[in-house]
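# Tertiary structure, described
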Amino acid sequence: MLIAVLCTVLSCKKDFIEGNPQGELITGNLTSQDGVEALLTGAYGLLNGNVNGTWGNYGAAPSQWLFGEVASDNAHKGSSNGDQPNMNLIEQHSPTSTNDNLANIWDRCFEGIQRCNNTLRVLSALQAGQGTVKFDDTRAAQIQAEARLLRGHYYFFLVRVFKNVPLITETTTDPAVDNTKDIYPDIVNDLTYAVANLPTSKPRDQVGRVDKYIAQAYLGKVLLYQKKYTEAYAQLNAVITAKPDLVTLSFADNFDIEKENGPESVFAVQHAVGTDGTGGDNGNVGDMLNFPYAVACCGFYQPTIDLANAFKVDAAGLPLLDGSYRTNPYISDMGLTGAAKTGYTVPRTLALDPRIDYTLGRRGVDYRKGYGLMPGDSWIRDAGNAGPFVVVKNVLDQGQITAGTAPGSTNVTGLNVNLIRLADIYLMAAECAVENGDLSRALVLVNKVRARAALLPPKTVAGGFPAAAYRVSPYPSFANQTYARNAVRMERRLELAMEGHRFFDLVRWGIAKQTLESYFGFEGGYFNYLRGITIETRDDYFPLPQDQIDRSKGILKQSPGY
Amino acid sequence: MSLCLALNVKAQTRISGKVIAGDDKAPVIGASIKIKDAPGGTTTDANGIFTLNVPQNAVLVISFVGYNNKEVPVGSQTTLSITLDPINNDLTEVVVTGYSTQRKKDLTGAVAVVNIAQLKSQPAASAIESLQGKAAGVAIITDGAPGSTPQIRVRGTTTINNNDPLYVIDGVPYEGKLSWLSQNDIESMQVLKDASSSSIYGARANNGVVIITTKKGAPGAPKISIDSYYGIQTPRSNTFPKMMSPQQYADYLFLGYRNAGLTPSTGTNYGTGSSPTLPEYLLAGSATGQNITAADADPSKYNYTRDPNTFYQITRANQQGTNWFDEMTESAPTQSYQLSATGGGENAIYSFGGGYLKQDGTIKNTGFTRYNFRSNTQFTALNNKLRFGENAQYSYSEGFGFGVNPNVAGEYQDEGSPISWAYRIPTIIPVYDIRGNFAGSRGSGLGNAENPVAVLYRAKDNLNRSNFFFGNVFGEYDIIPGLTARTSFGLRYENYNGQTLRYPNLEFLEGNNSNNLGEYQGYTTEWTWTNTLNYKKTFGKHVFNILAGTEAIRSRNRQLNAGRNDFFLLGNQDYYYLNAGASNFSNSSTGTIGSLFSLFAKADYSFNDRYLLSATIRRDGSSNFGPDNKYGYFPAVSGAWRISEEDFMKDNSLFSDLKFRVGYGQTGNQRIPSFQYLSRFQSAVNSAGYPLGGGNGVISGVYQNAYSNPAVKWESLSSLNIGLDFTVKGGALDGSVDWYNKKTSDMLYPVPLPSTAVGMGTSPFVNAGDMSNKGVEVNLGYHVNRNNDNPFKFDAGINFSRNINKVVKLADGITKQPYGNFRSLTTSILEAGQPFGAFYGYKVAGIYQNAGDITGNPSYTGARVGGFKYQDVDGDGAITPGDRTIIGDPNPDFLYSLSLNVAYKNWDVAMFFNGVQGNDIYEATRYFTDFPTFDGARSTRLLDAWSPTNTGSMIPSPYVGVSDLEYASSSYYVQNGSFFRMKNLQIGYTIPVKAFGTKLGISRVRIYASATNIFTITNYTGLDPEISQESDTFSVPGLDRGIYPSPRQYLLGLSIGF
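Overview of the structure. (Residues numbered from 1 in each chain as written. Chains lettered and ligands numbered in written order. Predicted model: local features only at pLDDT ≥ 70, side-chain atom pairs only at ≥ 80, totals over all residues. Heavy atoms only, no water.)

## Re the overall build of chain A
Within chain A, the regular secondary structure consists of 21 helices and 10 strands. What you see for chain A is a C-alpha radius of gyration of 25 Å, in line with the 24 Å of a compact globule of 562 residues. Projected onto its principal axes, the C-alpha coordinates of chain A cover approximately 100 × 55 × 45 Å. In chain A, which comprises 562 residues, the proportion classed as buried is 64%. For chain A, restricting intrachain contacts to residue pairs at least 6 apart in sequence, the fraction spanning at least 24 positions comes to 74%. Carbon together with sulfur atoms contributes 53% to the accessible area of chain A, which is approximately 18,400 Å² in total. Where the 52 positive side-chain charges of chain A centre and where its 58 negative ones centre are 3 Å apart. (Helix = DSSP H or I, 4+ residues; strand = E, 2+ residues; numbered from the N terminus. Rg over C-alpha atoms; globule rule 2.2 N^0.38 Å. Buried < 20%, exposed > 50% of the residue type's maximum accessible area, 1.4 Å probe, protein only. Contact = heavy atoms within 4.5 Å. Areas by Shrake-Rupley, 256 points an atom, 1.4 Å probe, with all protein chains shown as cover. Lys, Arg positive; Asp, Glu negative; His and termini not counted. Charge placed at Lys NZ, Arg CZ, Asp CG, Glu CD.)

Set out below in structure tokens:
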């Protein structure tokens, strides 16, 4: 009897100890058109910097608020000193390689790159006949172009922050790749392929997909970072020509959840909340700390006093390019006590660029729609730590909160983040024009940006009066290349402040040290923790994450100076 | 011949007698009665009575298993009353080992046989809890969470991943928590500690095997017993961390600004003067602190609503300070009532058990309830050749509130747990606002901790329930004498479910008004079919026992989760159904499968009771491994030499029993997530979705969530054990000493691969690295009057174990692997040559005394006078991450325990002491209480901080805006975790049966009083020095993020036997 039992069991043993993964797919399940499309969707999925879990994606935020803005003269980390202390070190340019924000962007970008590479790999297997029905050549080329553009984007995010980045592609078999090679040419290759193979209309008619204009704009941007002004201009100008005149478009629409994917939005990270059954995993999780304190959460990402004052204009309605805006600075109600504090009124006679009140919130001035006047310190976690100003651009109007935020988390919004918008392209093209000596073209482009700004409706204070002597006028002319360069750079700061560009711009312009040390001298007068900071050559980039160096068994080399 | 017969017949006298047992005074059934130096004999009947014809001057020799032989001269008596004294040296005790039973004296491996009576003298919800200190080499870390299964480690940490042992319950293997099993149902417990004893369990035996046998019946009239206790648990409030009073805290804040050369800017609570004053109110609507006017604080404005726009709370400051640990704890009852009945007849035996246990927690709004039921029966048929039966257990358990019945010991530790909040919430916040609703951190400069009393109260509706069935049916048949075939089919079926609720918490600074129901339902099944063939044969002095068998195991788990937000009614349990929620519909399901097929064999041989030899082999096939590595082989061999049986030892005056054991074997570990050998992808809307169409519609995509290692195979452990068992003549002293050397190789762990290889997907488990555990165990027993009738009895037991753990090697090319992330801390490291889980960070060398001290010594950006000075470990002249080094070891130098049992007539007293020496604990809560990280409570330790007049202090001075290096992982967090604890004291009194008369039928009544956790001697400053490690892969031992502290417990118990 027992022998019989034994034999029965033995004979079935081979099957008995085999099985299939539960609720998971294996490679063979994906070698199909649907499989490749789904992998490509997954590659898009990392644009918001989050795999899942909402919290903790700050370094990888598509807005690049931490590395692009907090590291510059535009923004403070905000909140209180002890909250996310590693971000203080980014702001102070003294991060160590164990700073978690570094690992954060590194890991997420490489996850995005893996997804692009997996898409390309499985696509190639399918087209080689290893699956069922192949794609037609057009769609196959489009998919390649979409995946390669996304890969270019993830690499660009990495190279701006770390400079020395290992290149992993779909053909890499051993991921132990060093980081000594300049990967800009590879990014350009990916984007060039995308320009050649993407249609001007959205693939599959889906607005969230990348198209030829995105590819051209991105290629232009990357070429600009490489100072290839002529080639960059050609790409950027092609987009400008194809798009409506900027002056006809609304500045505020760029930050309005009800106006997403409008004509100015060239490449926007699509954010969605509320309908996917998640706690906001597909929303704007990277900016979830970045709200006025009492409004949603956390009170991070506060504009600097320097930025607020940069919006001052002279009698002609032009910015103060010589830095004199720091004279007699406007600091709202900071430092006031007693009756002076409670009785504070907004200095309405201050001559300001109207974009200030669409970029930062200040006491006494009408905030975004539905909130009324910004009340001051009660919206700020620790005014002594990071000043009197709060963010605006990533916040929703009050009436948009219910539909526009994740269930149970009003700090995860569905607001898209613009990676490249038309004004950015105008100003990049203007920059190319300046460097190419075409000052008149630069003047036209900059003045279009300013003319559009002049159309902004004034913000008001109590009683409905305008909150400032708003004024923004076109430059009558650019006297010389240096002046034009300064004007374009200042315009870029004012137009795109708090949108993740500033620190990277300072670095590629080669003026990070002088700008930031001067800024620390000014801002340090208000905030002790910024005093006496010096900027070294190494500070143009951030150190590679230590855990990645460790895991690479030494193949990855730390950036010089760290 | 006939004469002889006649002579014999003539000399014979017919006698009768009764044999009773000296221990329980019950008749001894089946005792053998022989006549010394003459033929003839008999056995006692069911009443212990025998009759026998004996010659004149005969001497009777009475023997029975487990009792000393007794010689009784008949003399002129015709009616004898004979009492047999029990043998109390334990050697004849039959213990259950792998798939068979052995006499304890025939053991060749390292097996700890737990004294169940001693175990039960410490009533606890989990039998594992009372196992603490009862078996040398078995380290148990308990906490106060109701229903929790404590962390158990057999002979150290053998692997980087899950270190829990395999349980074998009534012959059926089981992995998991044991909160379903009643301590009262256990008849015996053995721990197989070395590979030679455990390798018959092959691939699941690396972490040791705990064999549990539940109560079986015995022929005879039903024996019924009722065991019950009721008690009170009280929080050990003297161990609560001490926090600054509100005034002390305000002074500390102001000083921090002054030290940084700044004007204090601490919000609205403490005024704008040069020294702080305390506010009357903390919050009134949107006004805070000293800005609150009488109009703001007008109670008529108070509106405690769910709508954040109209929410208006008024909270007074608690200027005296709230002791949050006191507020969140309370005395709590614990009780247990257990009934059991055993008995049987010639062809059937049975054992029945049922009970109820309810343990509330000393942390408010937590508790655990269990109903359990057990039935074990066995039938014999076909002339006793066929035996079959069943062991079945069912338990229903229910836990509510925070931290109850966790799946992994200590897993409730989290920075958002109520215990963590209690460390963080400022003492100036009262528990309740002016209307008795919960107060919180909403206000000015009150940090972002949540009111722990509120969190606990709201968590009271979080329930977990489990319907748990575990058991087997078995049959065995004697084919020919000595050859027995056995089959057993075991089944585990658990159906579990629960719900978690979220309530609006607008009093909390980061709170919101969302409310949510999350509900889950799941089941786990595992069946085990075991078939064995066992042949026992004795040829003269040679005894053979050969066993061969097969085992097939298949398991499956599946769980469904769902949730919704926005419920019209709050706090109403009758209303919480998913359909009633209005938004955020969510659902998911997950599952796992696994199977094992095994062949095994065992051969035991003994010669002359003197030389013992045992060999086992097992081949396991596992679904966890790919086609190339499905099978693993696990052999073992062991031997023992009973020196005391040798002629040259016969006359020694010291030992009555002396045995030397040597064993060597291999075991395995396959406890990794399934399908590591395959690259796996997920179609997941949360992880790979993207709103390609814009708007809020998300399209699901696919991503690679897990990377593969096709070569993954068994982790194996080889161990050598050398031991000595001894009993000193007279039996007053016995004990054993074991030395072992275990080496884990091809250790399975998920070496984190660089993102360039796996993105953010899961790195596969690889076989990388070696770990070594070497150690010594000693247990000694001392017994007074064990084997005589003296009414005074005394027993003492000592257990000592020392284990030295070392990570020998990590994956190729990896020498250091920091891990264990908590906030901005990385607390632990794996490093070749260091113990597992060594703490990692900067070594505090002192406090910078002056500016020259900073410039003259290695320093870092933000170094300051009054801040930490670290050791420049790498000698590069600056403090950089390269200076992080080993700063502590969570592994103890040794564990020890002492038990004392005294009995005099009807009184008995049991005492138990337990200690751990030489381990470090990483007190991670100091991140919040000792550094200016978040606004919140500060430890009174900081009152002794460095200052120009207190230069000897090693505590940094208050300072606003310190460098993050000051609160980075450093030796400041690492504390000595040694402790010595009087764990248990029990005093019992057995009421003489005659007090009840015979009519009631009561055979035994014992009442007892006991107390646990009576005192603890330790220098550790946290809540409790027993810290369960976190997580089961990449465990972080000894990291204290806020443990549920063990309470003190006072019980009154009553046991009645019928």
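## Describing helix α8 (residues 137-162) of chain A
Residues and elements named next belong to chain A. Helix length check: α8 (26 residues) gives 37 Å between terminal C-alpha atoms against 38 Å at 1.5 Å per residue, within 8%. For α8, the tally of buried residues reaches 23 of 26 residues, placing the bulk of the element in the interior. A side-chain oxygen of the first residue of α8 lies 3.0 Å from the backbone nitrogen of Thr-138; this N-cap is Asp-136. Just downstream of α8 lies Lys-163, where phi reads positive at about 65°. (Expected span 1.5 Å × (residues − 1). Polar contact = N/O pair within 3.5 Å; in protein donor to acceptor, adjacent residues only side chain to side chain.)

## Here's the deal with unusual backbone geometry
The residue Lys-227 of chain A is not glycine, and still its phi comes out positive at about 60°. Relative to the helices and strands, Lys-227 of chain A is located in the loop between α10 (212-225) and α11 (229-242). The exposure class of Lys-227 of chain A is partly exposed, given its relative accessible area of 45%. Backbone geometry places Asn-584 of chain B, a non-glycine residue, at a positive phi of 55°. As for its placement among the helices and strands, Asn-584 of chain B is situated in strand β29 (residues 581-607). What makes Asn-584 of chain B buried here is its relative accessible area of 16%.

## Considerations on the state of the cysteines
Residue and element names in this part refer to chain A. This structure, assessed with the given rule, holds zero disulfides over all chains. Between Cys-116, a cysteine without a disulfide, and Cys-109, which holds the nearest cysteine sulfur, the sulfur-to-sulfur distance is 10 Å. Accessibility expressed as a relative area gives 0% for Cys-116, which makes it buried. (Disulfide = S-S within 2.5 Å.)

## Side note on the interface of chain A and chain B
The figure often quoted for interface size is the accessible area lost as the parts come together. Tallying the contact residues gives 82 residues for chain A and 94 residues for chain B. For the pair chain A and chain B, the summed buried surface comes to about 7,200 Å²; carbon and sulfur atoms form 59% of the total. For the pair chain A and chain B, the number of links is two salt bridges. Here Arg-680 of chain B makes a salt bridge to Glu-24 of chain A, at a shortest N to O gap of 3.3 Å. (Buried area = accessible area lost by both parts, 1.4 Å probe. Salt bridge = Lys/Arg side-chain N within 4 Å of Asp/Glu carboxyl O.)

## Section: α10 of chain A
All names here are of chain A. Counted at 1.5 Å a residue, the expected span for α10 with its 14 residues is 20 Å, and the 20 Å between its end C-alpha atoms agrees. Burial analysis of α10 places 13 of its 14 residues in the buried class, which makes it a mostly covered element. For α10, the N-terminal cap is Asp-211; the gap from its side-chain oxygen to the backbone nitrogen of Tyr-213 is 3.2 Å. Lys-227 occupies a position one or two residues after α10 and carries a positive phi of about 60°.

## What about a nonpolar patch on the surface?
Residues and elements named next belong to chain B. There is a patch of nonpolar side chains on the surface, built from Ile-226, Leu-339, Phe-352, Phe-373, Tyr-394, Phe-469, Val-473, Phe-489, Leu-491, Tyr-493 and Phe-1058 and spanning about 870 Å² of accessible area. Looking at the nonpolar patch, the elements that each hand over two or more residues are β25 (463-480) and β26 (483-502). At three residues, the largest contribution of residues to the nonpolar patch is made by β26. By the element assignment, Phe-1058 lies in the segment after β54 (1048-1057). (Patch = residues over 30% accessible without salt bridge, like charges linked within 9 Å, V, L, I, M, F, W, Y side chains within 5 Å.)

## Some points on the pairing of strand β49 (residues 920-923) of chain B
Residues and elements named next belong to chain B. The pairing of β49 with strand β50 (residues 974-976) spans three bridges and is antiparallel. Residue Asp-920 lies in a different strand from β50, and its bridge partner there is Asn-976. Both β49 and strand β53 (residues 1039-1040) contribute to a ladder of two bridges, which runs parallel. Its bridge partner lying in β53, Glu-923 is registered against Asp-1040. (Pairing = 2+ DSSP bridges.)

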